[in-house]
Amino acid sequence: MQPTALWSERIAVSADPGEAFVAALWDEHGGALLGYVTRLVGDPGRAEDIVQEVMLRAWRHADSLDTRARSLRPWLFTVAGHLATDHHRARRSRPEVLGAEALEQRAVGDGIDRAVDAWEVSAAFCALSPEHRGVLLETYYRGRSVAEAAAALGVPEGTVKSRTYYALRALRLALEERGWRP
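A. Up close: the packing of aromatic side chains. According to the stated counting rule, one finds two aromatic pairs in the structure shown. With a centroid separation of 4.8 Å and an interplanar angle of 35°, the aromatic rings of Tyr36 and Phe77 are classed as tilted. A residue pair is termed long-range when its members are at least 10 positions apart, and Tyr36 in helix 2 (residues 17-41) and Phe77 in helix 4 (residues 73-93) qualify at 41 residues. The exposure class of Tyr36 is partly exposed, given its relative accessible area of 26%.

B. Just helix 3 (residues 44-60), in detail. Under the 1.5 Å per step criterion, the end-to-end length of helix 3 is 24 Å for 17 residues, consistent within 8% with the ideal 24 Å. Every buried residue belonging to helix 3 is among Arg46, Ala47, Ile50, Val51, Val54, Met55 and Ala58, and all of these are buried.

C. Looking closely at the confidence of the model for the chain. Model confidence for the chain is summarised by a mean pLDDT of 82, while 79% of its residues fall at 70 or above. Confidence over residues 1-14 falls short of pLDDT 50; this stretch has 14 contacts with residues more than four positions distant or in other chains.

D. Summary view of the side chain of His29. Summarising the element assignment, His29 is placed in helix 2. Sequence-distant contacts of His29, defined by excluding residues within four places in its chain, comprise Ser71, Arg73 and Leu76.

E. Structural view of a nonpolar patch on the surface. Side chains of Ile112, Val116 and Trp119 sit close together on the surface and give an oily, nonpolar patch of about 340 Å² of accessible area. Along the chain, Val116 turns up in helix 6 (residues 112-126).

F. Spatial organisation of the pattern of salt bridges. If you walk through the whole model with that rule in mind, you get five salt bridges. The closest approach of N and O atoms between Asp43 and Arg46, which form a salt bridge, is 3.8 Å. Within the structure, one salt-bridge network assembled from shared partners comprises Glu138, Arg142 and Arg144.

G. Highlighting the packing of helix 3 against helix 4. Two numbers describe how helix 3 lies on helix 4: the axes approach to 9 Å, and their chain directions differ by 130°. Relative to helix 4, the element helix 3 lies oblique. In this structure, helix 3 meets helix 4 at a crossing whose hand is right-handed. Every residue of helix 4 that contacts helix 3 at Arg46, Ile50, Glu53, Val54, Arg57 and Ala58 is listed here: Trp75, Leu76, Val79, Ala80, Leu83, Ala84, His87 and Arg91. A per-class count over the contact of helix 3 with helix 4 returns nine nonpolar, one polar and four charged.

H. Quick look at the packing of helix 7 (residues 130-141) against helix 9 (residues 157-177). For the pair helix 7 and helix 9, interaxial distance at closest approach is 9 Å and the crossing angle is 105°. For the element pair helix 7 / helix 9, the angle class is roughly perpendicular. Across the interface between the two elements, Glu131, His132, Val135, Leu136, Thr139 and Tyr140 of helix 7 pack against Val160, Arg163, Thr164, Tyr166, Ala167, Leu168, Ala170 and Leu171 of helix 9. Residues that form the contact of helix 7 with helix 9 fall into these classes: nine nonpolar, three polar and two charged.

I. Representation of the nonpolar core in the model. Core analysis: the largest hydrophobic core is formed by 22 residues, its most contacted members being Phe21, Leu33, Val37 and Val54. Among the secondary structure elements, those contributing two or more residues to this core are helix 2, helix 3 and helix 4. Per element, the largest residue contribution to this core is seven residues, and it comes from helix 2. The next biggest cluster of nonpolar side chains, apart from the first, holds 12 residues, and it includes Val135, Ala150, Leu171 and Leu175.

About the criteria used
Residues numbered from 1 in each chain as written. Predicted model: local features only at pLDDT ≥ 70, side-chain atom pairs only at ≥ 80, totals over all residues. Heavy atoms only, no water. Phe/Tyr/Trp six-rings, centres within 6.5 Å; stacked < 30°, edge-to-face > 60°. Helix = DSSP H or I, 4+ residues; strand = E, 2+ residues; numbered from the N terminus. Buried < 20%, exposed > 50% of the residue type's maximum accessible area, 1.4 Å probe, protein only. Expected span 1.5 Å × (residues − 1). pLDDT = per-residue confidence, 0-100. Contact = heavy atoms within 4.5 Å. Patch = residues over 30% accessible without salt bridge, like charges linked within 9 Å, V, L, I, M, F, W, Y side chains within 5 Å. Areas by Shrake-Rupley, 256 points an atom, 1.4 Å probe, with all protein chains shown as cover. Salt bridge = Lys/Arg side-chain N within 4 Å of Asp/Glu carboxyl O. Axes fitted to C-alpha atoms, helices over the stretch in contact; angles between N-to-C directions. Parallel < 35°, antiparallel > 145°, perpendicular 65-115°, else oblique. Left-handed = near helix turned anticlockwise from the far one by under 90°. Nonpolar A, V, L, I, M, F, W, Y, C, P; charged D, E, K, R; others polar. Core = buried A, V, L, I, M, F, W, Y, C linked by side-chain atoms within 4.5 Å.

Written out as structure tokens, the structure is:
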């Protein structure tokens, strides 16, 4: 049911001149006002709320608004613009209300996950053989090249390369045994 028809029914039931005034305002300016407010706020539901508030204010001031001297369209559009601005400011000043799904997407880690991961990697690292721990310590932790690691460990460069390969495989296996997935 359209608002005009609804207001016409109310006018037939009620002899309130304010309702007749608002119904006439809606008939003449309602569509344009709703289109204007919808473009202002970008949300049809919010626009309807604002237009309803404008019509309520017109009804409250029906006795002081003079329709014979000039059109009420500028007054209606001015009130609607002020209400849209007020509504926008109010929404900006209040914190945004988020659902559980949106909160999960915005969640910021507190570092506990990173600490647990470090603990798991450390435990898996300790399960490696001393040779594998040594080569990973030199190449990854200390950031040494293959030649530098070979010199520090006292083994040939080829041995460092192969130990690094097998040490990483063993570390991955140890982490998977603990249920850790990267």
